[in-house]
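Summary of structural features
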Amino acid sequence: MSVLDPTTFQTIVPSRYITFTFPNPLFLPALPHCSHLLHTSLLRIAVLDSPSPISTTPRVAAMLAPPRREQDWTFSTETGHLQLLLSFPYLSRLILISNNDINNPSHPTSYKAPPLSTTTENPSTTTTIEENLLPLLLALTPKSAFDRSNGFPEIPFLSYEDEVISSLVLEICVGPFVGEMLIENVVLESESNKNDKGREFRRRLRFKRMPNLIQTQVRIHPISELGVVGDELEGVEFTVDDGALVQPYLNPMVAGLAVISSYLDEQIRCGIRPRALCLGVGGGALLRFLSDQLGFEVVGVEEDEVVLSVAKRYFGLRHSESVHLCVGDGMELMQRLALKGQGDVDSKFAVVMVDLDSSDARMGTSAPPLNFVRKSVLLVAKEIICQRGVLIINVIPASKSFYERVVTEFQEVFEELYEIDVGNGENMVLAALRLSKIRTASGDFENSFHQKLEASIQGSYMNSVRKI
């Protein structure tokens, strides 16, 4: 049976993914300045059905891959397509349409936004594209979506927008646990960065298994002020900025330390360097910040040795007297530490920070992994935290019920639980205390650590820590 047999697409089959090429009904080679789809003879069509059966009338939408980004994993892989679909939970089927680039079918390419004249859509051109693609989209729409009384179903075109002006892939490599990954420099639009013509430079780490999720990003600066001409990145050398956290949830995670700031201040006044255990290293931005800016001794655990190698080569992470790196499973390491350090106060950590995402693309972008949200694991984590310490975790809820489950599990194990809303509509940060928060009497002494913490993080997250 041909995939173009109309009966192929008449029903929704959960998680079914079909790709094929199709003659472009818009092919107009004499109009090079029109939309990017008008001058390609073949289109790549990818059809994905939601993994979750939807009982209501199926809803279908289409999306055009952004010009010149067709080979980015977000638009060229099943996992990227799935993450796009799951960001619209009401959809039963998402049809992704792009140029068929036969010259580079497998790897993302460097990207530079088309000139303004070609990205400003002409309303009549946009209408022409949608009208000419409508017969194809209707043929790819489930039979049950057609209502006899209303006729053809509405098939909206969804848009994909981000702040990326240009990107340059530095390396693509493969790790034994995370699989294929890429490191890229990007130029972003930035209203806050007036000193550099509204642009900001960042270095990013992404995994192919979850391509829409930026695993790590740090701010970078051209070594020479004349290094970047326009938005070109080729041949430009950069230095990594270790004084700022730009990953959206990292500042809130650091702000979670406010719940034990009095304890940390006491430790520092006594000449004791607080210890932090970080599960999940990525590029190491959080580890470097805790060590360099806040004076922690940090132990970082990463399951994939290639990720650690990338962090050292591209993101400035290094072994030092205050930063210790090890390869392994974070939960297994916690178990070993708990057994080894029973009764040993000196072996415990003032803070355990957990930044682990689910590797199951079917759950969409989510964190932490399901196997971390178990009472047995949380009890082990509690065991390696000193009595006045805290566990801080990044949570990307796959659903409201998942987040409620995470909160319930933490409340059953820990004495007090605090919540910080990252404000991006995706991440929440939880801070769990072993003991009820010990409050020092006002005026006892100046909390230097709290002041340092407040000065070092961006945003007003210190005022967003809420007990739940």
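One can find the structure itself at the top, above this paragraph.
Let us look at the structure shown here. (Residues numbered from 1 in each chain as written. Predicted model: local features only at pLDDT ≥ 70, side-chain atom pairs only at ≥ 80, totals over all residues. Heavy atoms only, no water.)

Within helix α2 (residues 78-86), the full set of buried residues consists of Gly-80, His-81, Leu-82, Gln-83, Leu-84 and Leu-85. Those residues of α2 that are buried are in contact with β1 (17-23), β2 (42-49), β3 (60-64), α1 (73-76) and β4 (93-99). (Buried < 20%, exposed > 50% of the residue type's maximum accessible area, 1.4 Å probe, protein only. Helix = DSSP H or I, 4+ residues; strand = E, 2+ residues; numbered from the N terminus. Contact = heavy atoms within 4.5 Å.)

Here we take up the nonpolar core. Counting 64 residues, the largest nonpolar core has Val-254, Leu-257, Leu-290, Leu-294, Phe-296, Met-353 and Ile-392 as its most contacted members. Beyond its immediate chain neighbours, meaning those up to four positions away, Met-353 contacts Met-253, Val-254, Leu-257, Leu-277, Cys-278, Leu-279, Leu-286, Leu-290 and Ile-392. (Core = buried A, V, L, I, M, F, W, Y, C linked by side-chain atoms within 4.5 Å.)

Quick look at the side chain of Thr-77 now. Looking at the element boundaries, Thr-77 is found in the loop between α1 and α2. Side-chain polar atoms of Thr-77 contact the backbone oxygen of Trp-73, separated by 2.7 Å. Here Gly-80 takes part through its backbone nitrogen, which lies 3.0 Å from a polar atom of the side chain of Thr-77. Residues contacting Thr-77, with those up to four places away along its chain left out, are Tyr-17, Lys-208 and Pro-211. (Polar contact = N/O pair within 3.5 Å; in protein donor to acceptor, adjacent residues only side chain to side chain.)

Moving on to the sheet that holds strand β6 (residues 157-158). Either a parallel or an antiparallel arrangement is found when strands of a sheet pair, and the pairing is made through backbone hydrogen bonds. Strand order in the open sheet formed by five strands is β1-β2-β4-β3-β6, and the pairing between neighbours is mixed. Each edge of the open sheet is held by one strand with a lone partner, namely β1 and β6. For β3 and β6, the ladder comprises two bridges, and the chain directions are parallel. Bridge pairing links Ala-62 to Phe-157 in β6. (Pairing = 2+ DSSP bridges.)

All right, on to the packing of aromatic side chains then. Counting across every chain of the model gives seven aromatic pairs. Seen from their ring centres, Phe-75 and Tyr-160 are 4.9 Å apart, and the 90° between their planes marks the pair as edge-to-face. Here Phe-75, found in helix α1, pairs with Tyr-160, found in the loop between β6 and β7 (164-175); they are 85 residues apart in sequence, far enough to count as distant. Take Phe-75: its relative accessible area is 1%, and that puts it in the buried class. For Tyr-160, a relative accessible area of 29% corresponds to the partly exposed category. (Phe/Tyr/Trp six-rings, centres within 6.5 Å; stacked < 30°, edge-to-face > 60°.)

Another aspect to go through is the packing of helix α9 (residues 330-340) against helix α10 (residues 375-383). With their axes 9 Å apart at the nearest point, α9 and α10 run at an angle of 55° to one another. Compared by their axis directions, α9 and α10 come out oblique. The handedness of the crossing between α9 and α10 is left-handed. Side by side, α9 and α10 meet where Met-331, Met-334, Gln-335 and Ala-338 of the first sit next to Val-377, Val-380, Ala-381 and Glu-383 of the second. (Axes fitted to C-alpha atoms, helices over the stretch in contact; angles between N-to-C directions. Parallel < 35°, antiparallel > 145°, perpendicular 65-115°, else oblique. Left-handed = near helix turned anticlockwise from the far one by under 90°.)

Let us look at the sheet that holds strand β11 (residues 238-240). What the six strands build is an open sheet, ordered β5-β7-β8-β9-β10-β11; its pairing is antiparallel. The open sheet has two edge strands, β5 (111-112) and β11, and neither has a second partner. Two elements, β7 and strand β8 (residues 179-189), share ten bridges in a ladder whose sense is antiparallel. In the sheet register, Val-174 faces β8, and the bridge partner there is Glu-180. In the packing of helix α8 (residues 305-314) onto the sheet, the strands contacted are β7, β8, β9 (199-207) and β11, and the crossing angle to β7 comes to about 135°.

A separate point is the packing of helix α6 (residues 261-269) against helix α12 (residues 448-456). Close contact between α6 and α12 brings their axes to 7 Å; oriented N to C, the two are set at 115°. Between α6 and α12, the angle falls in the class roughly perpendicular. Along its contact with α6, which presents Ser-261, Leu-264, Asp-265, Ile-268 and Arg-269, the element α12 presents Ser-448, Phe-449 and His-450.

Quick look at the environment of Ile-272 now. Along the chain, the position of Ile-272 falls in the loop between α6 and β12 (275-279). Looking at Ile-272, the relative accessible area reads 39%, which means it is partly exposed.

This paragraph deals with unusual backbone geometry. Even without glycine at this site, Ser-15 takes up a positive phi of about 70°. Topologically, Ser-15 is positioned in the segment before β1. Judged by its relative accessible area of 36%, Ser-15 falls in the partly exposed class. One non-glycine residue, Arg-68, lies in positive phi territory at about 75°.

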